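# Architecture at a glance
Residues per chain are reported as follows:
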Amino acid sequence: MRLRHIKGAEEAIASNRFVIQNPQEMKGHWSDCFPDNAPLHIEIGMGKGRFIMDMAEAHPDINYIGIEMYSSVLLRATQKMEERELSNLRFILIDATYIQDVFAEGEVDQIYLNFSDPWPKDRHAKRRLPSRQFLGRFKGVLVDGGHIEFKTDNRGLFDFAMEEIEAGGFRLLEYTYDLHANEAMMAGNIMTEYEEKFSSIGNPICKYIIEKQ
Ligand code: SAM
């Protein structure tokens, strides 16, 4: 994501009512942040948040946390929340490397990774969110049998991700190299900002669903 620093973003995030401050203090009791006790789904690297806001609106019976590491990007999502006021969605500003400091084992029911940064250099492979290193961290917060859903138009990143599944402690349930042509996997699909942009120029979208072993 093109990142332009927005003056005052840190201060605005630090006092925003939709952002959970000190998220490590919520570890093990995230349900206290929401009016209803419901399954918890999280998106990691949510960008400006369109996907998770549309998901929260479509599924009021699920609680959502959107995770983003840059305050300038998160600020855009909080501005959109002012217009929508979704009580089943909150945001946190963290690097997902530290996800296990924030969620207890088994606290998260489902994880979404959408159009994760590709980090094309081999020496940066560990920074890719679908890498075995990150999958190991995600496994540490998911319930037994919990799922990760990953979408990207980057075929190189997707091929890498497919090879990381087993080493990361997951098993492959479903996949496609052309989501928008796959009627079964498209059912209920909610587009992300990047998905809209890249599918509109003809890029096929790859998707997998994997399950914690
Ligand atoms: N998911 C959105 C979409 O599909 O439109 C945005 C995709 S954008 C390419 C990737 C986002 O992931 C960026 O906003 C970036 O800051 C965020 N990100 C990358 N690595 C992250 C990490 N380790 N922890 C949290 N967010 C991360």
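Here is a short report on the structure shown in this document. (Residues numbered from 1 in each chain as written. Predicted model: local features only at pLDDT ≥ 70, side-chain atom pairs only at ≥ 80, totals over all residues. Heavy atoms only, no water.)

A separate point is the site of the ligand. Of all residues adjacent to the ligand, which total 19 residues, the nearest are Gly-45, Glu-68, Ala-96, Asn-114 and Thr-192. Taking Gly-45, its main chain carries an N or O atom lying 2.9 Å from a nitrogen atom of the ligand. Alone, the ligand offers 600 Å² of accessible surface; in the complex the protein occludes 96% of this. (Near = heavy atom within 4 Å. Polar contact = N/O pair within 3.5 Å; in protein donor to acceptor, adjacent residues only side chain to side chain. Areas by Shrake-Rupley, 256 points an atom, 1.4 Å probe, with all protein chains shown as cover.)

Those residues of helix α5 (residues 155-164) that fall on the buried side of the exposure criterion are Leu-157, Phe-158, Phe-160, Ala-161, Met-162 and Glu-164. The backbone nitrogen of Gly-156 lies 3.1 Å from a side-chain oxygen of the residue at the head of α5, namely Asn-154. (Buried < 20%, exposed > 50% of the residue type's maximum accessible area, 1.4 Å probe, protein only. Helix = DSSP H or I, 4+ residues; strand = E, 2+ residues; numbered from the N terminus.)

Once that is clear, we can look at the sheet that holds strand β7 (residues 206-212). The strand order across the open sheet formed by seven strands is β3-β2-β1-β4-β5-β7-β6, and the pairing between neighbours is mixed. Of all strands in the sheet, those with a lone pairing partner are β3 (89-93) and β6 (170-176), marking the two edges. Direction aside, neighbouring strands of the sheet carry axes that sit 20 degrees apart on average. As judged from the six bridges shared by strand β4 (residues 108-114) and strand β5 (residues 142-152), these two strands associate in the parallel manner. Across the sheet, the residue bridging to Asn-114 is Lys-151, located in β5. Running over the sheet, α5 touches β5, β6 and β7 and is turned about 20 degrees from β7. (Pairing = 2+ DSSP bridges. Axes fitted to C-alpha atoms, helices over the stretch in contact; angles between N-to-C directions. Contact = heavy atoms within 4.5 Å.)

What follows covers the side chain of Arg-90. Mapped onto the elements, Arg-90 comes out in strand β3. Buried and unpaired, Arg-90 has no salt bridge, with Glu-85 as the nearest side chain of opposite charge at 6.5 Å. Ignoring sequence-local partners within four residues, the contact set of Arg-90 consists of Arg-17, Phe-18, Ile-20, Phe-34, Tyr-64, Ile-65, Gly-66 and Met-81. (Lys, Arg positive; Asp, Glu negative; His and termini not counted. Salt bridge = Lys/Arg side-chain N within 4 Å of Asp/Glu carboxyl O.)

In terms of nonpolar packing, the biggest core is built from 38 residues, with Trp-30, Ile-42, Ile-44, Phe-103, Ile-111 and Phe-138 touching the most fellow members. Counting only elements with at least two residues in this core, the list comes to β1 (40-44), β2 (63-68), β4, α4 (132-139), β5, α5 and β7. If we skip the residues at most four places from it in the chain, Ile-44 touches Ile-67, Ala-96, Ile-99, Ile-111, Tyr-112, Leu-113, Leu-129 and Phe-138. In this structure, Ala-9, Phe-18, Ile-62 and Ile-190 belong to the second largest nonpolar core, which totals 22 residues. (Core = buried A, V, L, I, M, F, W, Y, C linked by side-chain atoms within 4.5 Å.)

This paragraph deals with unusual backbone geometry. Non-glycine residue Phe-115 carries a positive phi angle of around 55 degrees. Tracing the sequence through the fold places Phe-115 in the loop between β4 and α4.

All right, on to the packing of aromatic side chains then. With the rule as written, the count across this model stands at 10 aromatic pairs. Look at Phe-115 and Tyr-194: their rings are 6.4 Å apart centre to centre, the planes differ by 40 degrees, and that puts the pair in the tilted class. Taken together, the positions of Phe-115 in the loop between β4 and α4 and Tyr-194 in helix α7 (residues 193-200) put the pair 79 residues apart, joining distant regions of the chain. For Phe-115, a relative accessible area of 9% corresponds to the buried category. Judged by centre distance (6.1 Å) and plane angle (20 degrees), the rings of Phe-150 and Phe-158 are stacked. Each member of the pair, Phe-150 together with Phe-158, is buried. Clustering of aromatic rings is evident, with ring pairs tying together Phe-150, Phe-158, Tyr-175, Tyr-177 and Tyr-208. (Phe/Tyr/Trp six-rings, centres within 6.5 Å; stacked < 30°, edge-to-face > 60°.)

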